[in-house]
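Commentary on secondary and tertiary structure
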Amino acid sequence: MLRLPHPTGMYTRLLGLALGALTFHVGRLLAPFCASGNVMARLVMKFGGTSVADLDRIRNVARHVKREVDAGYDVAVIVSAMAGATNQLVEWSRQAAMLHDAREYDAVVATGEQVTAGLLAIVLEGMGVNARSWQGWQLPILTDNAHGSARILGVNGAELIKRFKEHGQVAVIAGFQGMHKETGRVTTLGRGGSDTSAVAIAAAIGAERCDIYTDVDGVYTTDPRVVPKAHRMDKIAYEEMLELASLGAKVMQVRSVELGMVHNVRIFVRSSFEKPEDIDPSKPPSGTLICDEGDIVEQQVVTGIAFSKDEAQISIRRVQDKPGVAAAIFGPLADSNINVDMIVQNVSGDGATTDLTFTVPSADYERARVTLEKAKGSIGYARLDGATDVAKVSVIGIGMRSHAGVAAKAFKALAEQNINILAITTSEIKFSVLIKATQTDLAVRTLHTLYGLDKA
Ligand code: ADP
Ligand code: ASP
Ligand code: MG
């Protein structure tokens, strides 16, 4: 069996170096002084789709914002599109043409956030809070040109700070969107990208905290909708959150955690459903702080469990067992920008051929098959098999660095539940197993109990 590390850990470090070199126009090194000379603390508040699902919820958000403005903060609010809006826009683009220009996809899907930013600014003004909406291109939030999943290159935080100082104005910023630096075209940051908008803006204005308001009151040991016994963590290390997010927990977009880690942004995940009037400012709010590993006193061996059903498995049957074959297979996939995750190579029975199994994101499954069929001549194999009814379940914890046998325990527990493991990968602080999708919930619950994560 060939074992490849999941890219995250490795690539986070590389990415960290790359991102560290980026210039966010105003970094946290510039002290946020107001005209009187007092330091005005800045706060970023981000509200996801369910939190702005209708006008009532937007009014609720406005009251949360007013609460922080009244407490003396300069506030930048980042909003997502209303729940379901982006899905509808994506669907319309698909129906217009299955293969469409990514620039036009962005022109369509970025509109959801424009609506909520405008509406929230209107509601805030109606409550007597000075506010102005900002689209990604207006600020601007500059990105590269990877339409559909663009990366942020810089944020004009200076404009926001100027308006805080001169007008005491709340900035209501459409999340998820940016503008390509060279062409000036609208870009979007990938699904869940408003989290990344929020953290980037927090870094750019030197915010004291970046509050991510969502429909759960923090980060749990696993998705609380699947395992009711999951419990909320008070703190989680950036690295663990990064693994949880990249392995399927959609509570934070992966890139937002990477940015937070690089720029040392204090990210606090909390519920927007808590009524603003019920919050006692003298008590610490409930939620989960994403922070440095060193800030966590009691580190568990296993912190959390993530799962993803967006996986597809491809098996290449009777491929030549000789040097260069892996390159012939994975080269064309990499050229097509398809991420390969778990790889298993069976022991060759006849000494001449072998079977090779690996996973790709289910969204790339068809493309991967086409790519491999095209390359059949140069690879040389008998048959291609595939399945999309598989899921990846992952166990994450920094404590695994110093504890042996954590994964072995899981294999035994899963076997006792009759769950067959199709592939395994491990890295420093996580391991993943590939199983039949129908067994996902059972596997997650089994492992959650096994590692003592169930709520007391
Ligand atoms: P938003 O629209 O606010 O961005 P998301 O739907 O993107 O919210 O993310 C919140 C959801 O993430 C929750 O409703 C929950 O079902 C899911 N989730 C998955 N894993 C976790 C986890 N470990 N902790 C908390 N929530 C999780
Ligand atoms: N509205 C976008 C999405 O649904 C971005 C976000 O919600 O963060 O993916
Ligand atoms: Mg989200």
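That block above? That's the structure.
A brief report on the enclosed structure follows. Just so it is clear, the model here is predicted, and its values are computed rather than measured.

Looking now at the overall build of the protein. Within the protein, the regular secondary structure consists of 14 helices and 18 strands. Relative to the 2.2 N^0.38 estimate, which gives 23 Å for 456 residues, the radius of gyration of the protein is 23 Å and therefore close to what a compact globule would have. Seen through its principal axes, the protein has C-alpha atoms that stretch 80 × 50 × 40 Å. Buried positions account for 50% of the 456 residues belonging to the protein. Taking as baseline every contact in the protein between residues at least 6 positions apart, the subset at least 24 positions apart corresponds to 76%. Put simply, the protein shows about 20300 Å² of open surface, and 53% of that area lies on carbon and sulfur atoms.

Per the counting criterion, the structure on display carries 27 salt bridges. One salt bridge connects D211 with R209, and the closest N-O pair in it is separated by 2.7 Å. Accessibility expressed as a relative area gives 16% for R209, which makes it buried. Members of the salt-bridge network, linked through shared partners, are E239, E293, R401 and E428.

This next bit is on the sheet that holds strand 1 (residues 42–47). Reading across the sheet, the eight strands line up as 3-6-2-1-9-11-12-10 and stay open at both edges, with mixed pairing between neighbours. Edge positions in the open sheet fall to strand 3 (131–134) and strand 10 (235–237), since each of these has one partner strand only. Shown here is a sheet whose adjacent strand axes are inclined to one another by a mean of 20°, direction ignored.

In this section: the environment of M342. If you trace the backbone, M342 turns up in the loop between helix 10 (325–335) and strand 14 (343–345). The spatial distance from the C-alpha of M342 to the C-alpha of V433 is 8.9 Å, given a sequence separation of 91 residues.

If you check which residues of helix 11 (residues 365–374) are buried, you get Y365, A368, T371 and L372. Considered in projection along helix 11, the buried side chains sweep an arc of 125° and stay on one side of the axis. In helix 11, those exposed residues whose orientation departs by more than 90 degrees from the buried face are E366 and K374. Against the buried residues of helix 11 lie strand 13 (304–320), helix 10, strand 15 (353–361), helix 12 (376–379) and strand 16 (383–396).

The next point concerns the site of ligand 1. Contacts to ligand 1 come from 16 residues, most closely from T214, D215, Y220, D223 and R225. Contacts to ligand 1 include Y220, whose backbone N or O atom sits 2.9 Å from a nitrogen atom. Alone, ligand 1 offers 570 Å² of accessible surface; in the complex the protein occludes 89% of this. Among the residues making up the shell around ligand 1, the classes are represented as six nonpolar, five polar and five charged.

Here we come to the packing of aromatic side chains. Enumeration according to the criterion identifies three aromatic pairs in this entry. A ring pair is formed by F47 and Y213, whose centres lie 4.5 Å apart and whose planes are at 15°; its orientation type is stacked. Of this pair, F47 sits in strand 1 while Y213 is found in strand 9 (residues 209–214), placing the two residues 166 residues apart along the sequence. Between F411 and F431, the aromatic rings sit 6.0 Å apart at their centres with planes inclined by 75°, giving edge-to-face as the arrangement. Remark: F431 occurs in strand 18 (residues 430–436) and F411 occurs in helix 13 (residues 406–416); sequence separation between them is 20 residues.

Time to look at the pairing of strand 13. With twelve of 17 residues buried, strand 13 lies mostly within the body of the structure. In the sheet, strand 13 pairs with strand 16 via eleven bridges, with the strands oriented antiparallel. By the bridge assignment for strand 16, I316 is matched with L384. Inspection of the sheet shows strand 13 paired to strand 15 by eight bridges, in the antiparallel sense. Along strand 15, the bridge assignment pairs I316 with L356.

What follows deals with the packing of helix 3 (residues 85–96) against helix 4 (residues 102–109). Two elements in contact, helix 3 and helix 4, have axes whose closest approach is 9 Å; the angle formed by their N-to-C orientations is 145°. Helix-helix and strand crossings are classified by hand; for helix 3 and helix 4 the assignment is right-handed. Where helix 3 approaches helix 4, its residues L89, V90 and S93 are matched on the opposing element by Y105, V108 and V109.

The local shell around ligand 2 consists of S80, A81, T86, E113, F176, R191, G192, G193 and S194. In the environment of ligand 2, a nitrogen atom lies 2.6 Å from a nitrogen or oxygen atom belonging to the side chain of E113. In the model, an oxygen atom of ligand 2 is placed 3.4 Å from a nitrogen or oxygen of the G193 main chain. Compared with its free state, where it exposes 260 Å², ligand 2 has 86% of that area covered by protein.

Within the secondary structure, K392 is located in strand 16. By relative accessible area, K392 is classed as buried at 3%. Among the polar contacts made by the side chain of K392, one reaches the side chain of D341 at a distance of 2.4 Å.

Quick look at the nonpolar core now. Of all hydrophobic cores here, the largest spans 45 residues; its most connected members are V44, L160, I173, I201, I205 and M241. If you tally residues by element for this core, the top one is helix 7 (residues 194–205), at eight residues. Once residues within four sequence positions are removed from consideration, L160 is found in contact with W134, L139, A171, I173, I201 and I205.

We now examine the pairing of strand 17 (residues 423–427). Summarising the sheet, strand 17 and strand 18 pair through five bridges and their orientation is antiparallel. If you follow A423 over to strand 18, its bridge partner there is L434. Here strand 17 hands over to strand 18 after two residues, the two strands then running antiparallel side by side.

Calculation rules
Residues numbered from 1 in each chain as written. Chains lettered and ligands numbered in written order. Predicted model: local features only at pLDDT ≥ 70, side-chain atom pairs only at ≥ 80, totals over all residues. Heavy atoms only, no water. Helix = DSSP H or I, 4+ residues; strand = E, 2+ residues; numbered from the N terminus. Rg over C-alpha atoms; globule rule 2.2 N^0.38 Å. Buried < 20%, exposed > 50% of the residue type's maximum accessible area, 1.4 Å probe, protein only. Contact = heavy atoms within 4.5 Å. Areas by Shrake-Rupley, 256 points an atom, 1.4 Å probe, with all protein chains shown as cover. Salt bridge = Lys/Arg side-chain N within 4 Å of Asp/Glu carboxyl O. Pairing = 2+ DSSP bridges. Axes fitted to C-alpha atoms, helices over the stretch in contact; angles between N-to-C directions. Arc of directions from axis to C-beta. Near = heavy atom within 4 Å. Polar contact = N/O pair within 3.5 Å; in protein donor to acceptor, adjacent residues only side chain to side chain. Nonpolar A, V, L, I, M, F, W, Y, C, P; charged D, E, K, R; others polar. Phe/Tyr/Trp six-rings, centres within 6.5 Å; stacked < 30°, edge-to-face > 60°. Left-handed = near helix turned anticlockwise from the far one by under 90°. Core = buried A, V, L, I, M, F, W, Y, C linked by side-chain atoms within 4.5 Å.

Shape is all these values report; function is a separate question.
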